[in-house]
Amino acid sequence: MPRLAELGLALRAGLLTLLALALMLPAWGDPYVVKLATRILVFALAAAALDLALGVGGMVSFGHAAFLGLGAYVVGINFLHGFEGSLLLGFAPTQSLVLQLVLAALLAGGFALLTGAISLRTRGVAFIMITLAFAQMLYYLFVSLRRYNGADGIALWNRSDGGLLDLEDPVAFYFLCLAALLLFLFVGGRLYHSRFGRALRAARDNERRAQALGIDTYRVRLVAYGISGAVTGIAGVLLANATYFVGPAYLSWPVSGQLLVMVVLGGMGTLVGPVFGALVLLLLEEFLPGLLDSVRPGLGESWKIVLGPLLVAIALYARGGLWGVLARRRVARVRWTGPRAAKAPRHV
Amino acid sequence: MCEGAVLRACELVKRFGGLTAVDRVSLAVESGEIHALIGPNGAGKTTLVNLIAGELRPDHGRVWLSGREITRLKVAKRARLGLARSFQISSLFGSLTALEHVALALQGRWGSSFRFWGDAARDEGLLRRARAELARVGLEDAADVPAEALSHGQRRQLELAMALAMDPVLLLLDEPLAGIGLEEGERMVELLAGLRGRVAMLLVEHDMDAVFRLADRITVLTYGRVIASGPPALIRDHPEVVRAYLGEGEASDAAP
Ligand SMILES: Nc1ncnc2c1ncn2[C@@H]1O[C@H](COP(=O)(O)OP(=O)(O)O)[C@@H](O)[C@H]1O
Ligand SMILES: [Mg+2]
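Just so it is clear, the model here is predicted, and its values are computed rather than measured.

### Regarding the overall build of chain B
The number of helices and strands found in chain B is ten helices and ten strands. Relative to the 2.2 N^0.38 estimate, which gives 18 Å for 256 residues, the radius of gyration of chain B is 18 Å and therefore close to what a compact globule would have. Based on the C-alpha atoms only, the size of chain B along its principal axes is roughly 60 × 40 × 35 Å. Residue burial in chain B is summarised as follows: out of 256 residues, 57% are buried. Counting contacts in chain B only where the partners sit at least 6 residues apart, residues at least 24 apart contribute 64% of the total. Carbon and sulfur atoms form 49% of the exposed surface of chain B, whose accessible area is close to 10,600 Å². Seen as two clouds, the 31 positive and the 34 negative side-chain charges of chain B have centres 9 Å apart.

This is the structure:
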């Protein structure tokens with residue numbers, strides 16, 4: 001993740017404008033826009049959290065939907081028990097947003113630590129497959145859980161209890177999601193530049209060397225994976241509230257894939273990049289069909305055929321993702337060390 | 001028989017398929033001593049270094065560091081016990097600067113990689129120490145240069161700075177002079193000579209001049225076996241060594 005001070009003036013101005021737009025967006029007054037923007041913020045949070053594992057830590061997880069889904073089910077299950085007036089594992093269910101966030105972080109983080117402890121013993125394709133397998137395992141578990149409506153999922157009649165904040169107010173909920181994203185970008189930035197972040201990147205770039213320096217790369221990775229899972233779980237709580245729905249589809253592999261696309265599209269290892277990845281991907285998914293229809297009626301139905309190659313093209317042309325394109329100026333800063341150094345991005 | 005000394009390797013064996021790369025090798029490095037390991041290419045020197053550093057598991061034999069058995073410990077754990085090494089082929093993190101490399105070595109050795117908040121690039125305690133370590137090898141002017149922009153010789157110096165930053169109990173150096181120029185080589189030899197008596201060292205090196213200048217003791221390896229071990233004077237005249245490795249002419253050239 002770049003330091004703010006290292007970015008070009010134009011880019012800093014651009015980011016500031018974007019932030020101002022995000023703050024003013026509800027003033028537009030269109031409920032549809034607020035709803036879409038909220039969804040984008042939630043996925044941006046999940047994608048940035050995935051990037052901590054994927055880009056910063058070099059762990060290609062194909063199972064992050066599991067953490068998202070776990071967070072969402074924390075809301076759904078508590079809602080169902082609250083609705084029935086029944087106990088949840090002997091405890092009174094909670095509708096408190098704060099408690100649900102804590103529970104989701106613990107549950108998703110715990111699941112990440114547990115599965116990570118096993119999958120991080122492998123590398124490469126094996127790691128991808130094992131993370132996928134763990135997520136699918138959870139998916140089938142929830143599909144078969146009759147108690148929680150199996151494949152039908154749980155429709156929520158109301159959002160969690162935000163205390164002083166009335167989450168039923170779409171604008172209040174929107175600002176909550178925006179705050180969550182900005183908070184994670186700040187915390188993630190601190191993490192990135194901390195000793196822990198350095199060790200994590202060292203493990204990614206040259207594991208053998210990092211170990212020879214005394215860095216326990218397995219443990220460093222595992223902790224990063226746990227944090228990534230916990231934050232994705234938090235995004236899951238927000239997702240359930242945003243959609244008034246929780247279902248096993250949230251845990252399915254296409255969601256994991258979608259998060260991966262957001263990260264790669266936005267720029268791996270930058271934490272901010274995936275925010276742009278989420279923005280662009282969700283906007284395309286939303287508007288590409290209509291756009292194609294206006295070109296030629298009926299064409300909109302085949303929008304996925306257009307989206308696929310479009311994503312491939314972006315991945316090929318913009319190798320550092322959208323963020324890489326935006327931040328290209330940054331490279332000039334180290335030009336003096338010679339052409340070879342200028343090509344590679346500095347990671348600190 | 002296998003305890004005492006800074007490093008003691010006992011009856012180490014490593015096989016790769018049918019090839020026995022290291023064959024019942026025992027050696028000891030006493031405190032403050034420079035122990036050179038020589039032998040022709042393919043003799044098993046790097047394999048032995050990897051057995052000691054923990055990157056390879058021996059098929060037989062044990063390793064002790066400062067009286068503690070480390071045979072089964074992981075690489076990182078051994079490093080935190082003070083076993084620092086350089087690699088035969090410089091192995092760095094291309095985009096990090098020289099200073100960041102040394103800072104990474106410091107945090108690795110200190111076991112302080114689980115600090116999540118403070119900015120490592122503004123951590124004065126870490127930076128001051130890292131700068132001092134760079135100055136020790138004469139790299140202070142290159143502190144902010146990315147490793148990939150350093151010259152080959154400078155990278156070698158950086159490797160040494162990182163190893164020294166780890167406040168090593170034992171320094172494992174695999175051909176620190178390989179491929180660097182005359183001037184930079186001379187500088188490296190002086191650096192290493194300055195460490196004699198303070199840091200125990202196992203030095204793998206092909207440059208016989210340097211070996212005879214630096215070593216307190218030399219072990220000769222061929223085909224994975226120790227064929228001779230002792231003070232330089234003894235090794236220089238050892239008939240089997242002269243035949244197997246130094247060659248008649250070279251042996252007299254190498255005499256200072
Ligand atoms: N990982 C490996 N797999 C198979 N053979 C190896 C491996 N590493 C080294 N060898 C073989 O072991 C022998 C000793 O190699 P090495 O320790 O690198 O020698 P040196 O460093 O003395 O030149 C060589 O014959 C080499 O080909
Ligand atoms: Mg070698």
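Picking up after the structure, the text goes on.
### A short note on the overall build of chain A
Looking only at helices and strands, chain A has 14 helices and two strands in total. What you see for chain A is a C-alpha radius of gyration of 21 Å, in line with the 20 Å of a compact globule of 348 residues. Principal-axis analysis of the C-alpha atoms gives chain A an extent of 70 × 55 × 40 Å. Counting every position in chain A, which comprises 348 residues, the buried fraction comes to 53%. The long-range share in chain A, meaning contacts at least 24 apart out of those at least 6 apart in sequence, stands at 77%. Of the roughly 15,800 Å² of accessible surface on chain A, a fraction of 70% belongs to carbon and sulfur atoms. Looking at charge distribution, chain A has the averaged site of its 29 positive side-chain charges lying 19 Å from that of its 16 negative ones.

### As for the domain arrangement of chain B
Residues and elements named next belong to chain B. Split by domain assignment, chain B resolves into domain 1 (1–82 + 168–256) and domain 2 (94–167). For domain 1 and domain 2, the distance between their C-alpha centroids amounts to 26 Å. For the domain 1 and domain 2 pair, buried surface summed over both sides reaches about 1,400 Å², with 64% attributable to carbon and sulfur atoms. Among the residues domain 1 hides against domain 2, the three largest losses belong to R80, P168 and L191. Together they make up 33% of the total. The tally of links from domain 1 across to domain 2 stands at four residue pairs in polar contact (both at pLDDT 80 or more). Mapped by element, the contributors of at least two residues to the side of domain 1 that touches domain 2 are α2 (75–80), β7 (170–174) and α6 (182–195).

### Digging into the coordination of the magnesium ion (ligand 2)
Residues and elements named next belong to chain B. On the protein side, the magnesium ion (ligand 2) has T46 (OG1) and Q88 (OE1) as donor atoms, found 2.0 to 2.4 Å from it. Here T46 is found in helix α1 (residues 45–53), whereas its partner Q88 is found in the loop between β6 (83–86) and α3 (98–110), with 42 residues between them in sequence. On the accessibility criterion, Q88 (30% relative accessible area) is partly exposed.

### Description of the site of ligand 1
Residues and elements named next belong to chain B. Near ligand 1, the surroundings consist of F16, L19, A21, P40, N41, G42, A43, G44, K45, T46 and T47. Note that an oxygen atom of ligand 1 is positioned 2.7 Å from one of the side-chain N or O atoms of T46. In isolation ligand 1 offers 560 Å² of accessible surface; the protein chains occlude 58% of this area. Of the residues belonging to the shell around ligand 1, the class tally is five nonpolar, five polar and one charged.

### Overview of helix α9 (residues 217–243) of chain A
All names here are of chain A. With 27 residues, α9 extends 38 Å between its outermost C-alpha atoms, agreeing within 8% with the 39 Å of an ideal straight helix rising 1.5 Å per residue. The buried fraction of α9 is high, at 22 of 27 residues. Looking one or two residues beyond α9, the residue adopting positive phi is Y244, at roughly 55 degrees.

### With respect to the sheet that holds strand β2 (residues 19–29) of chain B
Residue and element names in this part refer to chain B. Strands sit in the order β2-β1-β4-β5 across an open sheet of four strands; the sheet is antiparallel. Two strands bound the open sheet, and with one partner strand each, they are β2 and β5 (68–69). In this structure, strand β4 (residues 60–65) lies alongside β5, joined through two bridges in antiparallel fashion. Residue L65 lies in a different strand from β5, and its bridge partner there is R68.

### With respect to the packing of helix α3 (residues 65–84) of chain A against helix α4 (residues 97–119) of chain A
Residue and element names in this part refer to chain A. Two elements in contact, α3 and α4, have axes separated by 9 Å at closest approach and are oriented at 140 degrees. α3 and α4 meet at a crossing whose hand is right-handed. Contacts from A66, F67, L70, G71, V74, V75 and N78 in α3 reach Q100, L103, A104, L107, A108, F111 and A112 in α4.

### Things to note about the side chain of A:Q136
Residue and element names in this part refer to chain A. Topologically, Q136 is positioned in helix α5 (residues 124–144). Here Q136 falls in the buried class, since its relative accessible area comes to 15%. Setting aside residues no more than four positions away along its own chain, Q136 makes contact with L251, S252 and W253.

### Here we look at the nonpolar core
Nonpolar side chains tend to gather and get buried jointly when the protein is soluble and globular. By size, the foremost hydrophobic cluster in this structure holds 153 residues, and its most contacted members are B:L134, B:L158, B:L160, B:L171 and B:L192. Ranked by residues supplied to this core, first place goes to helix α2 (residues 31–56) of chain A with 19 residues. Built from parts of two domains, this core gets at least three residues from each of domain 1 (1–82 + 168–256) and domain 2 (94–167) of chain B. Other than its neighbours up to four places away in sequence, B:L160 contacts B:V137, B:L171, B:L173, B:M188, B:L191 and B:L192.

### Points about the interface of chain A and chain B
Counting residues at the interface gives 36 residues for chain A, matched by 45 residues for chain B. Of the roughly 3,600 Å² buried between chain A and chain B on both sides combined, carbon and sulfur atoms contribute 58%. As a salt-bridge pair, A:R208 and B:E55 come within 2.4 Å of each other at their nearest N and O atoms. Along the contact surface separating chain A from chain B lie 15 residue pairs in polar contact (both at pLDDT 80 or more). For the side of chain A that touches chain B, the leading source of residues is helix α7 (residues 195–205) of chain A, giving six residues. Partitioning the side of chain A that touches chain B into residue classes produces 18 nonpolar, seven polar and eleven charged.

### Thoughts on a nonpolar patch on the surface
Residues and elements named next belong to chain A. Where nonpolar side chains cluster on the molecular surface, the patch consists of L16, L18, L19, L21, L23, M24, F175 and L182 and spans about 720 Å² of accessible area. Looking at the nonpolar patch, the elements that each hand over two or more residues are α1 (9–24) and α6 (170–193). Structurally, the position occupied by L23 is in helix α1.

Basis of the calculations
- Residues numbered from 1 in each chain as written.
- Chains lettered and ligands numbered in written order.
- Predicted model: local features only at pLDDT ≥ 70, side-chain atom pairs only at ≥ 80, totals over all residues.
- Heavy atoms only, no water.
- Helix = DSSP H or I, 4+ residues; strand = E, 2+ residues; numbered from the N terminus.
- Rg over C-alpha atoms; globule rule 2.2 N^0.38 Å.
- Buried < 20%, exposed > 50% of the residue type's maximum accessible area, 1.4 Å probe, protein only.
- Contact = heavy atoms within 4.5 Å.
- Areas by Shrake-Rupley, 256 points an atom, 1.4 Å probe, with all protein chains shown as cover.
- Lys, Arg positive; Asp, Glu negative; His and termini not counted.
- Charge placed at Lys NZ, Arg CZ, Asp CG, Glu CD.
- Domains from an automatic or database assignment.
- Buried area = accessible area lost by both parts, 1.4 Å probe.
- Polar contact = N/O pair within 3.5 Å; in protein donor to acceptor, adjacent residues only side chain to side chain.
- Donors = N, O, S within 2.8 Å, 3.2 Å for Na, K, Ca; no water.
- Near = heavy atom within 4 Å.
- Nonpolar A, V, L, I, M, F, W, Y, C, P; charged D, E, K, R; others polar.
- Expected span 1.5 Å × (residues − 1).
- Pairing = 2+ DSSP bridges.
- Axes fitted to C-alpha atoms, helices over the stretch in contact; angles between N-to-C directions.
- Left-handed = near helix turned anticlockwise from the far one by under 90°.
- Core = buried A, V, L, I, M, F, W, Y, C linked by side-chain atoms within 4.5 Å.
- Salt bridge = Lys/Arg side-chain N within 4 Å of Asp/Glu carboxyl O.
- Patch = residues over 30% accessible without salt bridge, like charges linked within 9 Å, V, L, I, M, F, W, Y side chains within 5 Å.

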